[in-house]
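So the chains spell out like this:
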Amino acid sequence: MRTANEILVALGSEDGRRDPMPLFAELHRIGPVCRLEPGSSPYAVVVNGYDAAQDALKDTRFHRLLTADPDPKDAVLRRLGGSMMFRNEPDHLRMRKVFQAVLTPRRLTGFEPVVEALTAELLEDLGKAGADGQVIDFVDFAYRLPITVIGTFLGIPRSDLGWFRDRTKAIDDYLDLGGKAPERLAAANQAADELNDYYARMLADRRVRPTDDLVSSLVDSELAEQELIDNLLVLVNASFVTTMNLLTNGLELLLDAGTPDPSRAADYVEEVLRHQSSVQLISRKASVDVELAGETITAGSLVLILPGAANRDPAKHPDADTFDPDRQDLQHLSFGAGPFYCVGAGLARMEGRAAFSQLFQRFPQLKLAGEPVRSHSLLLRGHQSMPIRLG
Ligand code: HEM
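Residues numbered from 1 in each chain as written. Predicted model: local features only at pLDDT ≥ 70, side-chain atom pairs only at ≥ 80, totals over all residues. Heavy atoms only, no water.

A.B. asks: Explain the overall build of the chain to me, using residue names and the numbers behind them.
C.D. replies: Counting its secondary structure elements, the chain contains 15 helices and 12 strands. Sorting the 391 residues of the chain into buried and exposed places 54% on the buried side. Counting only contacts in the chain whose residues sit at least 6 apart along the sequence, the fraction spanning at least 24 positions is 70%. Carbon and sulfur atoms provide 52% of the accessible area of the chain, an area that totals close to 16800 Å². (Helix = DSSP H or I, 4+ residues; strand = E, 2+ residues; numbered from the N terminus. Buried < 20%, exposed > 50% of the residue type's maximum accessible area, 1.4 Å probe, protein only. Contact = heavy atoms within 4.5 Å. Areas by Shrake-Rupley, 256 points an atom, 1.4 Å probe, with all protein chains shown as cover.)

Structure follows, in structure tokens:
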């Protein structure tokens, strides 16, 4: 049996990134919280058991990791570090409340017809591109839907959306395991500066020309200008690769499982998220000594939580590796849990429902036309390309 250290190294390898699930199973055989050899990794433990991961996510004694330097020289650290995603209390909640206040369930419900219409429009384009049995890449649609949805919600003009893809990817690559290499850091810094300027211009514009978009609702909030910019950057970043992955992971699973039924889209979304968590790594730091599943985690230690492993915990879900939208007790930790629970879960679910119901209604003959290629990221589990034929 391999040690947790050896399994963690294997997770970072090409094979581990492509298919971490057998490694998660190995961790489950060791225990819900696996201790790493001191000094071998920045982390003291890996948390893979479902209950332990849920407890850790909910436990406010585990803090988010922040940069030690309050004024880092790297732009990417300044921008990320200024957002709710990389803050602890009281700043985290102060910022989160502002965004929750504009992302209300009512506003979301009101936005649902827009999400449905955008989905229909983008599927119309997909239909044109894939006419006459032409092989097309589903990743293009899976990218365009969430970026168009969040862009429309925020008020970013359609013509600017293409510009966001590489910049957002540069920041995601930096956040991945091994992402701190100099060339990745330089790309992420440049992207952070460019995005900063974009949002600053947008906020300045909405102050003088308010519309009914989300950015206009935010300009009068209690947050400082730079706080708004940093949070907008993180909101857009958090919103679309995750959702894009839900769509590509879902299509692959659903086509593999047989003929998808468009009326079951809501169940599909949940089971896809459980089976292939879009986010695979969540880091925390113990602020005091904490006991988790019988292991003492000493103050200052780093903890690596694996939601994708927790979702496959055999102690939580019978036959956990099987994709089964009929499963009872379909719970997962793919949106996190507790104080940092995903602010956009409702929007992401709405997009997943719209995409899976309309896609299979409109293209019942849809098939894979080649082997899907997984993206390299371990943090964000999804695909680089997914050739399909519409029928
Ligand atoms: C399938 C799609 C999505 C997945 C799987 C996902 C997953 C997650 C997870 C796991 C967290 C918690 C991170 C932690 O505990 O440290 C999180 C937080 C967050 N998500 Fe999402 N997310 C998705 C879509 C979205 C969307 C559409 C938005 C924006 C509209 C969004 C905005 C955020 C924000 C702002 C946070 C930080 C919350 C906080 O710090 O309190 N996410 N997301």
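A.B. asks: Break down the coordination of the iron atom of the ligand for me, citing the residues and quoting the values.
C.D. replies: You will see that the iron atom of the ligand has only one donor from the protein, C342 (SG), lying 2.3 Å away. Here C342 is to be found in the loop between α14 (307-310) and α15 (345-362). (Donors = N, O, S within 2.8 Å, 3.2 Å for Na, K, Ca; no water.)

A.B. asks: I'd love a proper account of the side chain of Q280, names of residues and values included.
C.D. replies: By the secondary structure assignment, Q280 is in the loop between α13 (265-275) and β5 (282-286). Those residues in contact with Q280 that lie beyond four places of it in its chain are M21, F24, I305, L306, P307, G308, L378, L379 and R381.

A.B. asks: Summarise the sheet that holds strand β1 (residues 33-35); cite the residues concerned and give the values.
C.D. replies: An order of β1-β2-β8-β5-β3 is seen for the five strands of this open sheet, with the pairing classed as mixed. Of all the strands in the sheet, just β1 and β3 (62-63) have a single pairing partner and so form its edges. Its contacts with the sheet place helix α4 (residues 50-58) against β1, β2 (43-47), β3, β5 and β8 (302-305), and it is angled at close to 125° to β8. (Pairing = 2+ DSSP bridges. Axes fitted to C-alpha atoms, helices over the stretch in contact; angles between N-to-C directions.)

A.B. asks: Tell me what's going on with the site of the ligand, and back it up with residues and numbers.
C.D. replies: Close to the ligand lie 26 residues; R64, H92, R96, R284 and C342 are nearest. R64 is positioned such that a nitrogen or oxygen atom in its side chain is 2.9 Å from an oxygen atom of the ligand. With respect to the ligand, the backbone of A238 contributes an N or O atom lying 3.5 Å from a nitrogen atom. Residue assignment for the shell around the ligand shows that the elements contributing at least two residues are α6 (91-102), α12 (225-257), β5 and α15. For the shell around the ligand, the per-class residue count stands at 15 nonpolar, eight polar and three charged. (Near = heavy atom within 4 Å. Polar contact = N/O pair within 3.5 Å; in protein donor to acceptor, adjacent residues only side chain to side chain. Nonpolar A, V, L, I, M, F, W, Y, C, P; charged D, E, K, R; others polar.)

A.B. asks: Can you break down α15 residue by residue, with the values?
C.D. replies: Its 18 residues place the ends of α15 25 Å apart at the C-alpha level, agreeing with the 26 Å of an ideal helix rising 1.5 Å per residue. Here α15 lies mainly inside the structure; 13 of its 18 residues are buried. (Expected span 1.5 Å × (residues − 1).)

A.B. asks: If you had to explain the sheet that holds strand β4 (residues 136-137) to someone new, which residues and values would you point to?
C.D. replies: With respect to topology, three strands assemble into an open sheet ordered β4-β12-β9, the strand pairing being antiparallel. Each edge of the open sheet carries a strand with a single partner, namely β4 and β9 (367-368). In terms of strand pairing, β4 meets strand β12 (residues 387-389) through two bridges, oriented antiparallel. Within β12, the position partnered with I136 by the bridge is I388.

A.B. asks: Before we move on, could you go through the packing of aromatic side chains and cite the residues and values that matter?
C.D. replies: Scanning the model with the defined rule gives 10 aromatic pairs in all. Summarising the aromatic geometry, the rings of F138 and F141 are spaced 5.6 Å apart at their centres and angled 35° between planes, so their arrangement reads as tilted. Placement of the pair is F138 and F141 together in helix α8 (residues 138-154), with a separation of three residues, close to one helical turn. For the pair formed by F138 and F141, the shared burial category is buried. Each residue in the set W163, F164, Y198 and Y199 is aromatic and connected to the rest through ring pairs, giving one cluster. (Phe/Tyr/Trp six-rings, centres within 6.5 Å; stacked < 30°, edge-to-face > 60°.)

A.B. asks: Residues and numbers for the pairing of β8, please.
C.D. replies: For a regular strand, side chains alternate in direction, first toward one face of the sheet and then toward the other. By the alternation rule, side chains of β8 split into L302 and L304 and V303 and I305, which are all buried. In this sheet, β8 lies alongside β2 in parallel orientation, the contact comprising four bridges. Counted as the bridge partner of V45 is V303 from β8. Of the pairings in the sheet, the one linking β5 to β8 comprises four bridges and is antiparallel in character.

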